[in-house]
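# Per-entry structural report
Each chain, letter by letter, is given below.
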Amino acid sequence: MEYKQRTVTCGALRQEDEGKYVVLNGWVHRNRNHGGIHFINLRDRYGITQIVVGEHARDEVRQIAEELRLEYCIAVEGIVRKRPDSMINPNMDTGSIEVDVQSLQILSRCEPLPFMIDEESDAKEDLRLRYRYLDLRSTGMQNRIRLRHEFVKAIREHLSARDFYEIETPTLIKSTPEGARDFLVPSRLYAGKFYALPQSPQLLKQILMVGGFDKYFQIARCYRDEDARGDRQLEFTQLDLEMSFVTREDVLKTIEDLFVEVFAKVMNYSLPTSFRRLSWSDAMNTYGVDKPDVRYDLPLVDIGDIAELIQFGAFQTALAEKGSIKAICAPATDNLAYSRKYIGELEEAAKVYGAKGLAFVKVGKGGVLESGIAKFLVGHETAIIERMKASEGDMILFIAAPWKKCCNSLGAVRTKLARDLNIIDKNRFEFCWIIDFPLFEFNEEAGHWEAAHHMFSMPQAQYIPTLESDPGSVKGDLYDLVLNGYEVASGSIRIHDVELQKRIFRICNFTDEEAESRFGFLLNAFRYGPPPHGGIAPGIDRMVMIMAQQTSIKEVIAFPKNTAAVSPMDDSPSYVDDKQLDELHLLIKQPVKSE
RNA sequence: GAGGGCGUAGCGAAGCUGGUUAUCGCGACGGCCUGUCACGCCGUAGAUCGCGGGUUCGAGUCCCGUCGCUCUCGCCA
């Protein structure tokens, strides 16, 4: 097909270009036909330019203009005209000019749209995903995909300038147990054997360290066969990073430097040169989660010692079971009335995380506490008000439950309160490090300890003698990076000692034989002079989502899957031919339901 | 595996305690319009009210089941 190729883009032309002869290619964004005169908003990735088919246009051009419909892809040849002052559109970058059309060509036509591009009343997400190629044309998607590109580009530039090598690792690897469910790929050449898609390149990057590439990164695709969430897809992208001869401080500093520069470059946003740090237990106790949004305070406060003296059933039950009693002070405000109905909503938020209920008192005049449970608190009013730093009109909310449920439940109340109080500054990016994580947690179902993070993280030195005797108290050399309440990176200093690594496997209920067959390649590598090393892996999708002020990761992925792990555009996953199954030595166990 | 929300024309929505022909905006189609920029005006078509069953003289509306989407818990080293 012969056509006039663009000489400029639809975002380029300005007043200074008046009189220029230009060719534009793009899509018909709007088409206003006034009978004798057509105004067409032509759109491409770079912007929108108004083109005009005026009264003196040739008949042929006018005829084509009549034919145009939304999203036709066209080529326009014309002369840049300055608009009369009264017709300048200040809302458009190109609003001071228009293109007077000399010739017009339809490059391709477009069927009636399933939804309007760039309309405020957005189509439902599922429909957007089915017609993703149309959705991607919207300004929002275009901006977010551009942001993502710039983010990744800035990361590559920063790290490359600091001696990091970008190294690819395989996506067909050995399946390793623990952690998330693997995606498996059957082997054609070896009947009954499978590759797995990496949940992360964890072991491979550690072996790269043994291989002497002491500063490595990769924009790595990771796969985890678990249920999706707003901030979680089964396929996602990490900045995988690892370094040799480093301590925790080196890794944290590397990431701080990276994001300080990248945020300045990409977001024009100035981050502090080092990020706040919280221990895991402080984060849990004060914010109720291991990924606190620290853009606002509303701390949780432990009142266990005061509660001991209070003859309130829920408190006494919790204490008897060695649980916790925590409270949060909801400040008096004009924005939010703490009605019974609203407190009921807060209670529902708490119950999701296992709290049985939410007790509350209002701070009245002269330090009087008012509510159904106030009678139990008589004599302890001052202690509670002082501990909570509460003032008249505030509402104090209590949860009594086992420690973790208590934290998580009241944390959920804190989050909801902050949203409803409207105290979250959407334009701020508040990073913080969470450090000193427990290395193990006990799996009640399985009846043994397992790695809270993964099995390759170094225990902090002082706990190494007591790993086996008291796994629950072992802190690891682990760190998470949290941004605005989302976990955006996770890393650790790694074990590089075969014997220590084997001890960890044993604590996690792997026999030496199992460990050898699953992780033998790592242990073998560690027999040949492994360097001390450590690293981290920030989630690219999640970070871009936050930077773009979105709450769904799908908004920053070109072709995401839906909550049901289906791609509505291509309808994957799908059935395959028997021949394909046969080649892979596979039989489908369940009779296939008819589609 | 569990819970909340949603499902009405191509799209976004309204439709009250059940009542006669299911409403509105956008879009589509036809017509008019020479300065619009979410152009405007006139007209036309377009809906098995997600699906199945039930209650009722009568169901978009009530009940039961089911499917899909979405958010969340579990899960996600």
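In this text, all values refer to a predicted model and were calculated from it rather than measured experimentally.

### Structural notes on the overall build of chain A
A tally of regular secondary structure across chain A gives 16 helices and 22 strands. Here the C-alpha coordinates of chain A stretch approximately 90 × 75 × 55 Å along the principal axes. Per-residue burial over chain A gives 49% buried out of 595 residues. Contacts in chain A between residues at least 24 apart in sequence constitute 68% of all its contacts with a sequence separation of at least 6. Accessible surface computed for chain A: about 30000 Å², of which carbon and sulfur atoms make up 49%. Seen as two clouds, the 74 positive and the 89 negative side-chain charges of chain A have centres 1 Å apart.

### Focus: the confidence of the model for chain A
Taken as a whole, chain A shows an average pLDDT of 94; of its residues, 98% reach a score of 70 or greater. For this predicted complex, the interface confidence reaches an ipTM of 0.93, while the overall pTM sits at 0.95.

### Here's the deal with the protein's contact with RNA strand B
Of all residues adjacent to RNA strand B, which total 46 residues, the nearest are Glu55, Glu98, Gly179, His453 and Thr563. What you see for RNA strand B is that sugar and phosphate hold 53% of its atoms within 4 Å of the protein. Within the contact set of RNA strand B, a base nitrogen lies 2.6 Å away from a backbone nitrogen or oxygen of Met87. Within the side chain of Lys554, an N or O atom sits 3.3 Å from a phosphate oxygen of RNA strand B. Among the secondary structure elements, those contributing two or more residues to the surface near RNA strand B are strand E1 (21-33), strand E2 (38-44) and helix H2 (125-130). Grouping the constituent residues of the surface near RNA strand B by class yields 14 nonpolar, 16 polar and 16 charged.

### A short note on the environment of Glu392
By the element assignment, Glu392 lies in the loop between helix H11 (381-388) and strand E16 (395-401). In sequence terms Glu392 and Val210 are 182 residues apart; their C-alpha atoms lie 62 Å from each other. Sequence-distant contacts of Glu392, defined by excluding residues within four places in its chain, comprise Ala332, Val363, Gly364 and Lys365.

### Looking at the packing of aromatic side chains
Each pair of aromatic rings is reported with the distance of its centres and the angle of its planes. On inspection of all chains with the given rule, the structure shows 24 aromatic pairs. Summarising the aromatic geometry, the rings of Tyr338 and Tyr342 are spaced 6.2 Å apart at their centres and angled 40 degrees between planes, so their arrangement reads as tilted. Each of the two residues, Tyr338 as well as Tyr342, counts as buried. On the numbers, 6.3 Å between centres and 90 degrees between planes, the contact of Trp433 with Tyr479 is edge-to-face. Placement of Trp433 in strand E17 (residues 431-435) and of Tyr479 in strand E20 (residues 478-483) is noted, with a sequence separation of 46 residues between them. Since its relative accessible area comes to 0%, Tyr479 is described here as buried. Three or more aromatic residues link up through ring pairs in this structure, and these residues are Phe151, Phe259, Phe263, Tyr269, Phe275, Phe429, Phe431, Trp433 and Tyr479.

### Describing the sheet that holds strand E11 (residues 276-279)
Spatially, E6-E9-E10-E22-E21-E20-E17-E11 is the arrangement adopted by the eight strands of the open sheet, whose pairing is mixed. The open sheet has two edge strands with one neighbour each: strand E6 (165-166) and E11. For E6 and strand E9 (residues 215-223), the ladder comprises two bridges, and the chain directions are parallel. Across the sheet, residue Glu166 finds its bridge partner in E9, namely Phe217. Lying over the sheet, helix H4 (residues 139-160) contacts E6, E9 and strand E10 (235-244), oriented at roughly 150 degrees with respect to E9.

### As for a nonpolar patch on the surface
Taken together, the side chains of Tyr133, Phe559 and Met569 present a nonpolar region at the surface, about 320 Å² in accessible area. Positionally, Met569 belongs in the loop between helix H15 (540-547) and helix H16 (578-583).

### What about H11?
Buried residues of H11: Glu381, Ile384, Ile385 and Met388, and no others. The buried residues of H11 occupy one face: seen down the axis, they fall within an arc of 95 degrees. Residues of H11 that are exposed and angled more than 90 degrees away from the buried face: Thr382 and Glu386.

### Some thoughts on the pairing of strand E22 (residues 533-538)
Each regular strand displays side chains that alternate between the two surfaces of the sheet. Summarising burial for E22: six of the six residues are buried, a large majority. Both faces of E22 are covered, namely the face carrying His533, Gly535 and Ala537 and the face carrying Gly534, Ile536 and Pro538. By the bridge criterion, four bridges tie E10 to E22 in an arrangement that is antiparallel. Looking at E22, one finds that Ser244 is bridged to His533. Pairing analysis gives five bridges linking strand E21 (residues 486-493) to E22, with the strands arranged antiparallel. Residue pairing in the sheet places Ala489 in a bridge with Pro538 of E22.

### Re the packing of H4 against H15
Closest axis-to-axis distance for the H4/H15 pair is 10 Å, and the angle between their directions is 125 degrees. Overall, the two elements H4 and H15 adopt an arrangement that is oblique. For the pair H4 and H15, the sense of crossing is right-handed. Two secondary-structure elements touch here, H4 through Arg144, Leu147, Arg148, Phe151, Val152 and Ile155 and H15 through Ile540, Asp541, Met543, Val544 and Met547. For the contact of H4 with H15, the class distribution of residues is eight nonpolar, no polar and three charged.

About the thresholds
Residues numbered from 1 in each chain as written. Chains lettered and ligands numbered in written order. Predicted model: local features only at pLDDT ≥ 70, side-chain atom pairs only at ≥ 80, totals over all residues. Heavy atoms only, no water. Helix = DSSP H or I, 4+ residues; strand = E, 2+ residues; numbered from the N terminus. Buried < 20%, exposed > 50% of the residue type's maximum accessible area, 1.4 Å probe, protein only. Contact = heavy atoms within 4.5 Å. Areas by Shrake-Rupley, 256 points an atom, 1.4 Å probe, with all protein chains shown as cover. Lys, Arg positive; Asp, Glu negative; His and termini not counted. Charge placed at Lys NZ, Arg CZ, Asp CG, Glu CD. pLDDT = per-residue confidence, 0-100. Near = heavy atom within 4 Å. Polar contact = N/O pair within 3.5 Å; in protein donor to acceptor, adjacent residues only side chain to side chain. Nonpolar A, V, L, I, M, F, W, Y, C, P; charged D, E, K, R; others polar. Phe/Tyr/Trp six-rings, centres within 6.5 Å; stacked < 30°, edge-to-face > 60°. Pairing = 2+ DSSP bridges. Axes fitted to C-alpha atoms, helices over the stretch in contact; angles between N-to-C directions. Patch = residues over 30% accessible without salt bridge, like charges linked within 9 Å, V, L, I, M, F, W, Y side chains within 5 Å. Salt bridge = Lys/Arg side-chain N within 4 Å of Asp/Glu carboxyl O. Arc of directions from axis to C-beta. Parallel < 35°, antiparallel > 145°, perpendicular 65-115°, else oblique. Left-handed = near helix turned anticlockwise from the far one by under 90°.

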